[in-house]
Amino acid sequence: MIAIGCDHAATELKNKIKNRLESQGLTVKDFGCHSNQAVDYPDYAIAVAKAVASGECEKGVLICGTGIGMSIAANKVKGIRCALCGDTFSARATREHNNANILALGQRVTGEGLALDIVDVFFGTAFSGDERHMRRIEKITQIEEQK
Ligand code: RB5
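Figured I'd write up the structure that's included with this text. Since the model is a prediction, treat every value here as computed from it, not as a measurement.

Some details on the overall build of the protein chain
Link 1 in the chain: Assigned secondary structure in the protein chain consists of six helices and five strands.
Link 2 in the chain: Taken from the N to the C terminus, the helices and strands of the protein chain come in the order β-α-β-α-β-α-β-α-β-α-α.
Link 3 in the chain: Per-residue burial for the protein chain yields a buried fraction of 44% across its 147 residues.
Link 4 in the chain: Accessible surface, the protein chain: about 7,300 Å² in total, of which carbon and sulfur atoms supply 50%.
Link 5 in the chain: For the protein chain, the centre of its 18 positive side-chain charges and the centre of its 18 negative side-chain charges are spaced 4 Å apart.

Quick word on the site of the ligand
Link 1 in the chain: Inspection of the region around the ligand gives Asp7, His8, Ala9, Tyr41, Cys64, Gly65, Thr66, Gly69 and Arg108 as its neighbouring residues.
Link 2 in the chain: In isolation the ligand exposes 300 Å². Once the protein is present, 72% of that is buried.
Link 3 in the chain: Of the residues belonging to the shell around the ligand, the class tally is three nonpolar, four polar and two charged.

Remarks on the packing of aromatic side chains
Link 1 in the chain: If you walk through the whole model with that rule in mind, you get one aromatic pair.
Link 2 in the chain: Seen in terms of ring centroids, phenylalanine 122 and phenylalanine 123 are 5.2 Å apart; in terms of plane orientation they differ by 70 degrees. Their pairing is edge-to-face. The same class applies to phenylalanine 122 as to phenylalanine 123, namely buried.
Link 3 in the chain: It is arginine 95 that lies over the ring of phenylalanine 122; its NZ or CZ is 5.8 Å from the centre.

Considerations on unusual backbone geometry
Link 1 in the chain: In this chain, glycine 32 is followed by cysteine 33 through a cis amide linkage whose omega measures 0 degrees.
Link 2 in the chain: Topologically, cysteine 33 is positioned in the loop between strand 2 (28-30) and helix 2 (41-53).
Link 3 in the chain: In this structure, asparagine 99 takes a positive phi of about 50 degrees despite not being glycine.
Link 4 in the chain: By secondary structure assignment, the location of asparagine 99 is in the loop between helix 4 (88-96) and strand 5 (102-106).

Description of the packing of helix 4 against helix 5 (residues 112-124)
Link 1 in the chain: Between helix 4 and helix 5, whose axes approach to 8 Å, the crossing angle comes to 20 degrees. Relative to helix 5, the element helix 4 lies roughly parallel. Like other packed secondary-structure pairs, helix 4 and helix 5 cross with a definite hand, here right-handed. Between helix 4 and helix 5, the contacting residues are Thr88, Ala91, Arg92, Thr94 and Arg95 on the first element and Leu114, Asp117, Ile118, Val121 and Phe122 on the second.
Link 2 in the chain: Looking at the contact of helix 4 with helix 5 residue by residue, the class counts come to five nonpolar, two polar and three charged.

What about the packing of helix 1 (residues 11-23) against helix 5?
Link 1 in the chain: In contact at an axis separation of 10 Å, helix 1 and helix 5 are set at 40 degrees when each is read in the N-to-C sense. Judged by the angle between their axes, helix 1 and helix 5 are oblique. Once helix 1 is placed against helix 5, the crossing between them reads as right-handed. Contact with helix 1, carried on its side by Leu13, Lys16, Ile17, Arg20 and Leu21, involves Glu112, Ala115, Leu116, Asp117, Val119, Asp120 and Phe123 of helix 5 and no other residues of that element.

Rules and cut-offs
Residues numbered from 1 in each chain as written. Predicted model: local features only at pLDDT ≥ 70, side-chain atom pairs only at ≥ 80, totals over all residues. Heavy atoms only, no water. Helix = DSSP H or I, 4+ residues; strand = E, 2+ residues; numbered from the N terminus. Buried < 20%, exposed > 50% of the residue type's maximum accessible area, 1.4 Å probe, protein only. Areas by Shrake-Rupley, 256 points an atom, 1.4 Å probe, with all protein chains shown as cover. Lys, Arg positive; Asp, Glu negative; His and termini not counted. Charge placed at Lys NZ, Arg CZ, Asp CG, Glu CD. Near = heavy atom within 4 Å. Nonpolar A, V, L, I, M, F, W, Y, C, P; charged D, E, K, R; others polar. Phe/Tyr/Trp six-rings, centres within 6.5 Å; stacked < 30°, edge-to-face > 60°. Lys NZ or Arg CZ within 6 Å of the ring centre and 35° of its normal. Axes fitted to C-alpha atoms, helices over the stretch in contact; angles between N-to-C directions. Parallel < 35°, antiparallel > 145°, perpendicular 65-115°, else oblique. Left-handed = near helix turned anticlockwise from the far one by under 90°. Contact = heavy atoms within 4.5 Å.

Written out as structure tokens, the structure reads:
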């Protein structure tokens, strides 16, 4: 199951991404928001991040105006590696190298066509599992333990 969430700046793109993932046979849990009425992005970032960190959802997508606020907030949750991507090279690399478990996007920054390509690449790419990448991710996990 894929967790998805957005703020008021990104409901249109969230719905497009949700449809795209569902058309690929994935089950999507929508954590809102559902209108253009102003909300606070951290509320949605934390809901999606907790669903992924707990194992309820395998991965997540968070969208706001820039994607920046969502990624900052989601990365405060232990076990979350949220990557803000504006191109497909980064989307592939963050899955292969960082084993990113949440994709962040900015509706005001990235056009719909590119955003959907980024989603396809992110969800279509596996973690490489290479020892050097595992070692580096383990070092990130150790930083979380120091909190
Ligand atoms: C909302 O105006 C905007 O600040 C938000 O969508 C996001 O871009 C924050 O990082």
